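Chain by chain, the residues:
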Amino acid sequence: MKEYKAAVFDLDGTLLETLEDLADSTNHALRTFGLPVRTTDEVCRFVGNGIHKLIERAVPEDSSSETVEQVYEEFKRWYAIHCNDKTSAYAGIEEMLHTLRQLGIRTAVVSNKADFAVQTLCKIYFPGLLDAAVGQRDGIRTKPAPDAVHEVLKILDISREDAVYVGDSDVDIETAANAGMDCISVTWGFRSRQFLIEHGACVLADTPRALQEYISSGQKADSVIR
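The structure contained in this document is the topic of the report that follows. Bear in mind that the values here come from a model prediction, so they are computed numbers and not experimental data. (Residues numbered from 1 in each chain as written. Predicted model: local features only at pLDDT ≥ 70, side-chain atom pairs only at ≥ 80, totals over all residues. Heavy atoms only, no water.)

1. Section: the sheet that holds strand 6 (residues 163-167)
1) Next: Spatially, 5-4-1-6-7-8 is the arrangement adopted by the six strands of the open sheet, whose pairing is parallel. In this open sheet, the two strands that pair with only one neighbour each are strand 5 (132-136) and strand 8 (204-205).
2) Next: As paired elements, strand 1 (residues 6-9) and strand 4 (residues 106-114) share four bridges and run parallel to each other. What sits directly across from Ala6, in strand 4, is Arg106.
3) Next: Contacting strand 1, strand 4, strand 5 and strand 6, helix 7 (residues 147-156) runs over the sheet at an angle of about 150 degrees to strand 4. (Pairing = 2+ DSSP bridges. Helix = DSSP H or I, 4+ residues; strand = E, 2+ residues; numbered from the N terminus. Contact = heavy atoms within 4.5 Å. Axes fitted to C-alpha atoms, helices over the stretch in contact; angles between N-to-C directions.)

Okay, structure coming up:
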């Protein structure tokens, strides 16, 4: 069976542990406008569909659209400066990417995180380890729409049949389905193993080493749950 030629990764909760910086920036923006702050667990539940949706979920339900936009703009301003205060790569991720590239497998990131933060963090943590990185920006629908995935596959010049999508959430499972790609779900991120199974995960990887083996072994990701 053919090996995958490319792996397209989600960023937050898949390659990087970013939750504390996201929570801190959300709460800074909320405090700026005198709004109640959120717990880290709440922010964890709110992430996955882009920053704007995160803010829509974080503000009080009766907030005006003007308030949402003000908090959103302050979040972006603050996060641009503080996106790497507490962020770190998950243990074993850098080694996994090195191994995949040594095996000739292309690697890329598609994220609903703002593109400025995606570019900054990928350069800090994965220099020379990614062939492409695309974040949320105007003109490209956020995941689970497949737009950014299609853009990356075009950059890599690789068909969807020869690539696998890797993520930690239900949004990532939907993204892979919408892009017509195989999917591997990782269990160390922002969603639990049980949650992923309930939302249609077909293959789960518990460690970056296991993930690397799934991608490079030639075993397609439509097999049994591991």
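2. Examining the packing of helix 4 (residues 65-82) against helix 6 (residues 115-125)
1) Next: It is at 10 Å that the axes of helix 4 and helix 6 come closest, and there the two elements cross at 10 degrees. Relative to helix 6, the element helix 4 lies roughly parallel. Residues Lys76, Tyr79 and Ala80 of helix 4 form the contact with helix 6, whose own contacting residues are Phe116, Ala117 and Leu121.
2) Next: Its residues placed into classes, the contact of helix 4 with helix 6 shows five nonpolar, no polar and one charged. (Parallel < 35°, antiparallel > 145°, perpendicular 65-115°, else oblique. Nonpolar A, V, L, I, M, F, W, Y, C, P; charged D, E, K, R; others polar.)

3. Concerning the packing of helix 3 (residues 51-58) against helix 4
1) Next: Between helix 3 and helix 4, the least distance of the axes is 9 Å, while the angle of their chain directions is 125 degrees. Considering the angle they form, helix 3 stands oblique to helix 4. When the axes of helix 3 and helix 4 are compared, the crossing they make is right-handed. Residue-level contacts link Ile51, His52, Leu54, Ile55 and Glu56 of helix 3 to Val68, Glu69, Val71, Tyr72 and Phe75 of helix 4.
2) Next: Of the residues belonging to the contact of helix 3 with helix 4, the class tally is seven nonpolar, one polar and two charged. (Left-handed = near helix turned anticlockwise from the far one by under 90°.)

4. Points about helix 4
An α-helical turn contains 3.6 residues, so any two residues separated by three or four positions project in the same direction.
1) Next: With 18 residues, helix 4 should reach 26 Å at 1.5 Å per residue; the first-to-last C-alpha distance of 25 Å fits that figure.
2) Next: Within helix 4, burial applies to Val68, Val71, Tyr72, Glu74, Phe75, Tyr79 and His82.
3) Next: Structurally, helix 4 contributes buried residues whose contacts are with helix 1 (19-32), helix 3, strand 4 and helix 6. (Expected span 1.5 Å × (residues − 1). Buried < 20%, exposed > 50% of the residue type's maximum accessible area, 1.4 Å probe, protein only.)

5. Things to note about the nonpolar core
1) Next: Counting 55 residues, the largest nonpolar core has Phe9, Ile55, Val109, Phe126, Ile184, Leu211 and Ile215 as the members making the most contacts within it.
2) Next: Discounting residues that sit within four places of it in the chain, Phe9 has contacts with Thr14, Leu15, Met96, Leu97, Leu100, Thr107, Ala108, Val109, Val110, Val166, Leu211 and Ile215.
3) Next: The next biggest cluster of nonpolar side chains, apart from the first, holds 23 residues, and it includes Ala132, Ile140, Tyr165 and Ile173. (Core = buried A, V, L, I, M, F, W, Y, C linked by side-chain atoms within 4.5 Å.)

6. Topic: the side chain of Thr107
1) Next: One can find Thr107 in strand 4.
2) Next: At a separation of 2.5 Å, a polar atom in the side chain of Thr107 contacts the main-chain carbonyl oxygen of Leu129.
3) Next: Discounting chain neighbours no more than four positions away, the residues touching Thr107 are Ala7, Phe9, Leu97, Leu100, Arg101, Leu129, Leu130, Asp131 and Ala132. (Polar contact = N/O pair within 3.5 Å; in protein donor to acceptor, adjacent residues only side chain to side chain.)

7. Focus: the environment of Arg191
1) Next: Residue position: Arg191 is located in the loop between strand 7 (182-186) and helix 9 (193-198).
2) Next: A sequence separation of 159 residues divides Arg191 from Thr32, and the C-alpha atoms of the two residues are 29 Å apart.
3) Next: Excluding residues that lie within four positions of it along the chain, Arg191 makes contacts with Cys44, Arg45, Val47, Asp168, Ser169, Asp170 and Leu196.
4) Next: Reaching out from Arg191, the side chain makes a polar contact with the backbone oxygen of Cys44 at a distance of 2.8 Å.
5) Next: Of note is the side chain of Arg191, whose polar atom sits 3.0 Å from the backbone oxygen of Val47.

8. What about the pairing of strand 1?
1) Next: Residues Ala6 and Val8 point to one face of strand 1 and Ala7 and Phe9 to the other, with burial holding for every one of them.
2) Next: In the sheet, strand 1 pairs with strand 6 via four bridges, with the strands oriented parallel. What sits directly across from Val8, in strand 6, is Tyr165.

9. Side note on the packing of aromatic side chains
Aromatic ring pairs are defined here through the distance separating the ring centres and the angle between the ring planes.
1) Next: Counted by the stated rule, this structure contains three aromatic pairs.
2) Next: Both rings, one in Tyr125 and one in Phe126, keep their centres 6.3 Å apart while their planes meet at 50 degrees; by these two values the pair is tilted. By the burial criterion, Tyr125 is buried, and Phe126 matches it.
3) Next: The ring of Phe195 has Arg191 sitting right over it, with the charged end atom 5.8 Å from the ring centre. (Phe/Tyr/Trp six-rings, centres within 6.5 Å; stacked < 30°, edge-to-face > 60°. Lys NZ or Arg CZ within 6 Å of the ring centre and 35° of its normal.)

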